[in-house]
Amino acid sequence: MNISDKIYALAREAEREMADVYADIDRISLENTARVLDVFKENRVSESYFAPTTGYGLGDVGRDAIDRICAGVFRAEAGFMRHTIASGTHALAIGLFGLLRPGDAMLSATGLPYDTMLEVIGIDDKGRPAASGDGSLADYGVEYRDTAMLSEGGVDIHAVSEAISQAGGKVKVVYIQRSKGYLSRPTLSASQIRGAAIEIRKAAKRMGVSVPYVVVDNCYGEFTETLEPCSIVDGETGADMMIGSLIKNPGGGIADCGGYIAGTARAVELAGYRLCCPGVGLEGGASLGQNRNILRGLFMAPHAVASALKTAHLAAYVFGSLGYGVYPSFRERRYDIIQTIQCGDPDLLVAVCQGIQAASPVDSYVSPIPSAMPGYADQVVMAAGGFVSGSSIELSCDGPLREPYTAYLQGGVTYEAGKLGILSAATALEETKRR
Ligand SMILES: *Cc1c(COP(=O)(O)O)cnc(C)c1O
């Protein structure tokens, strides 16, 4: 490994300095692991659940158990986790198309959604309607509106209530994106989102309009806390639906592909009709031998997320100490696994990505270089050397080639490999700067 003595020393200092932070992460991981084990036990997980089904997949006991386990682990009424979901974007589309009908409106309470959602909704990058004819929500006559987040972070309940009232009861879905994605704003905690969902319901009832479903893009947030946005706590329901990808946190670096939806019984049932078709819903779908990986991934997920969180904290400490702008800072409590590093220079951004790639278990001999990507205005450089293509619970890093040359770093299924990746990237950055 190409890691300098200076950077190794910095890592030792970081680990001493953050002992309490790491202990807190271990405590969360222990509690989440205990819940996963409890739910596995309640559902009597056994070898028989791993047997593959084919064809219609009717009576697949493992798949049905995974759906109950998904609900149980996230403390929701219902849920499903399926390998047939292609990506997080696909899972989000299933949720939205499941709930929205022509004439309805969706209201995003966290401003413009993640890039890949724009074409699903049928809006441009300013949030203006852009019906494409490709079958977006806009093509089906679903309106889009949004409200900005509060400047200090958090959902602006007042603005959301106002918008719901203005729409005269048309708002069927209030959409909340937990993680910042490629924006610079704080990530929402599960309890912030639960609180917002409860307030939004109360406000709708007060105004006498129909109560909207609160739908959460939960990507990168799972298992960073002991609570989730849709968790039922003391009999009180949180969000109606939360949605994510199995090649991020809840797949634990083991699931080969897939996504999940969890939430209230009716919302999940409606999403199931969209996943398959009305009538069949969640009762169909052959598991083709994927049940084992999904369950093993869920079992590993609390620990994998803890490793990714420690890796992110370490990156914040190391790159922060070297004088780069980092967000969040190394002491800040995290609700997602994303760490940004402002490299301030295109060569340094590329060096960070190359350092990560060089310390990866797969394709370590490859050297990432910036290139054009469909859907992006600027060139993008990406480091990804994981076992699952595109997996970002495995250590990965990318960034657009524009000011301030920010690297978005996430993942690390083992802290040891995550740490070595960060130290390799820091060494590469230092060497490039000296040139
Ligand atoms: C990853 C992500 C998605 C979904 O992206 P896919 O690449 O389709 O899995 C959606 N929203 C956010 C905030 C994300 O981070």
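Residues numbered from 1 in each chain as written. Predicted model: local features only at pLDDT ≥ 70, side-chain atom pairs only at ≥ 80, totals over all residues. Heavy atoms only, no water.

### Looking at the overall build of the protein
We apply this condition: A helix here means a DSSP run of H or I that spans at least four residues, while a strand means a run of E at least two residues long, and both kinds are numbered starting from the N terminus. Each residue's exposure class comes from its accessible area (1.4 Å probe, protein chains only) as a fraction of the maximum for that residue type: buried when under 20%, exposed when over 50%, partly exposed otherwise. Contacts were defined at the residue level, with two residues in contact if any of their heavy atoms lie within 4.5 Å. Accessible surface area values rest on a Shrake-Rupley calculation with a 1.4 Å probe, where residue burial reflects the displayed protein chains alone.
Helix and strand counts for the protein stand at eleven helices and twelve strands. Taking the principal axes of its C-alpha atoms as reference, the protein extends roughly 65 × 50 × 40 Å. Across the 435 residues of the protein, 55% fall into the buried class. By sequence separation, contacts in the protein at least 24 residues apart represent 71% of the contacts at least 6 residues apart. Summing over all exposed atoms, the protein offers an accessible surface of approximately 17900 Å²; the carbon and sulfur share of this is 53%.

### With respect to empty space enclosed by the protein
The condition that has to hold: Lining residues are those with an atom within 4 Å of a point, where the points come from a 1 Å grid over the protein atoms alone and group into cavities, where a 1.4 Å probe fits but cannot get out, or pockets, open sets with protein on both sides within 12 Å along at least five of seven lines. Grid points are joined across faces, edges and corners, and a volume is the space filled by probe spheres set on the points. Classification convention: Asp, Glu, Lys, Arg as charged; Ala, Val, Leu, Ile, Met, Phe, Trp, Tyr, Cys, Pro as nonpolar; all other residues, Gly among them, as polar.
In this structure the tally under the stated criterion is one cavity of 30 Å³ or more. Taken as a whole, the largest cavity encloses approximately 40 Å³ of empty space. Looking at side-chain class alone, the lining of the largest cavity contains seven nonpolar, three polar and no charged residues.

### Focus: the nonpolar core
The line we're drawing: We call a set of buried residues a nonpolar core when its members are Ala, Val, Leu, Ile, Met, Phe, Trp, Tyr or Cys and they connect through side-chain atoms within 4.5 Å of each other. Domains are outlined according to an automatic or database domain assignment.
Core analysis: the largest hydrophobic core is formed by 94 residues, its most contacted members being Phe 74, Met 81, Val 174, Leu 314 and Phe 319. Counting residues per element, this core draws most heavily on helix α9 (residues 291-321), at 14 residues. When residues of this core are assigned to domains, at least three map to each of domain 1 (5-32 + 301-434) and domain 2 (34-298). Excluding residues that lie within four positions of it along the chain, Met 81 makes contacts with Ile 66, Asp 67, Cys 70, Phe 74, Leu 246, Pro 250, Gly 259, Tyr 260, Ile 294 and Leu 298.

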